[in-house]
Amino acid sequence: MFEFAALSYGLLASVILSAAQRNRNLARPHPPLLLYIGYLLCGLSAGLALALGYLALTIAGLV
């Protein structure tokens, strides 16, 4: 299950980043859906980083 989630996340992130870079190179505005999914991935990454950091501190006995 974890492998599927990691593969899906990686594929979606690479598609979003390549589309954003292409739009920037062509000097075109980003579509709203591209921005929405990009912000969603950014928030998901930040939330997961905070949760895993807290888990690591908890396991280490520092929290």
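Residues numbered from 1 in each chain as written. Predicted model: local features only at pLDDT ≥ 70, side-chain atom pairs only at ≥ 80, totals over all residues. Heavy atoms only, no water.

1. A short note on the overall build of the chain
Threshold: Elements are defined by DSSP. Helices are runs of H or I of four residues or more, strands are runs of E of two residues or more, and each kind is numbered from the N terminus. Only C-alpha atoms enter the radius of gyration, while the globule expectation follows 2.2 Å times N to the 0.38, with N the number of residues. Residue-level accessible areas treat just the shown protein chains as cover; the underlying method is Shrake-Rupley with a 1.4 Å probe.
If you tally the helices and strands in the chain, you get 2 helices and 0 strands. Relative to the 2.2 N^0.38 estimate, which gives 11 Å for 63 residues, the radius of gyration of the chain is 16 Å and therefore markedly larger than a compact globule would have. Counting only C-alpha atoms and orienting by the principal axes, one finds that the chain spans roughly 50 × 25 × 15 Å. Entry remark: accessible area of the chain is about 5,300 Å², with carbon and sulfur atoms responsible for 77%.

2. Digging into the UniProt feature "transmembrane region" (unreviewed entry) in the chain
What counts, and what does not: UniProt positions are given in the numbering used here, feature names are shortened, and annotations may be inferred rather than shown by experiment.
Listed under "transmembrane region" (unreviewed entry) in the UniProt record, and renumbered for this structure, are residues 36–57. For residues 36–57, helix accounts for 100% and strand for 0%, while the C-alpha atoms at its two ends are 32 Å apart.

3. Notes on the packing of helix α1 (residues 2–25) against helix α2 (residues 32–60)
Note the threshold: Only C-alpha atoms enter the line fits that serve as axes; for helices the fit covers just the stretch in contact. Angles between N-to-C directions range over 0 to 180 degrees. Note on angle classes: values under 35 degrees are labelled roughly parallel, values over 145 roughly antiparallel, values of 65 to 115 roughly perpendicular, and the remainder oblique. Note on convention: near helix rotated counterclockwise from far helix by under a right angle means a left-handed crossing. Clockwise means right-handed. Here, residues are in contact when the closest pair of their heavy atoms is within 4.5 Å. Residues were grouped as follows: Ala, Val, Leu, Ile, Met, Phe, Trp, Tyr, Cys and Pro as nonpolar; Asp, Glu, Lys and Arg as charged; and all remaining residues, including Gly, as polar.
Axis separation between α1 and α2 bottoms out at 10 Å; the angle between their running directions is 135°. It follows from the interaxial angle that α1 and α2 lie oblique. The hand of the α1/α2 crossing is left-handed. Across the interface between the two elements, Y9, L12, A13, I16, A19, A20 and N23 from α1 touch L34, I37, G38, L41, L44 and S45 from α2. Split into classes, the residues belonging to the contact of α1 with α2 amount to 10 nonpolar, 3 polar and no charged.

4. What about the side chain of N23?
For N23, the position within the fold is in helix α1. Filtering out sequence-adjacent residues up to four positions away, N23 remains in contact with R28, P29, H30, P31 and L34.

5. Observations concerning unusual backbone geometry
The phi dihedral of A27 is positive, around 55°, even though this residue is not glycine. Looking at the element boundaries, A27 is found in the loop between α1 and α2.

6. Examining α1
What counts is decided by this rule: The span one expects for a helix is its residue count, reduced by one, times 1.5 Å. Residue exposure (1.4 Å probe, protein chains only): buried if accessible area is under 20% of the type maximum, exposed if over 50%, otherwise partly exposed.
Taking 1.5 Å per residue, 24 residues should reach 34 Å; α1 reaches 34 Å between its end C-alpha atoms and fits that length. When α1 is considered as a whole, its buried residues turn out to be A13, I16 and N23. Tucked inside the fold, the buried residues of α1 contact α2.

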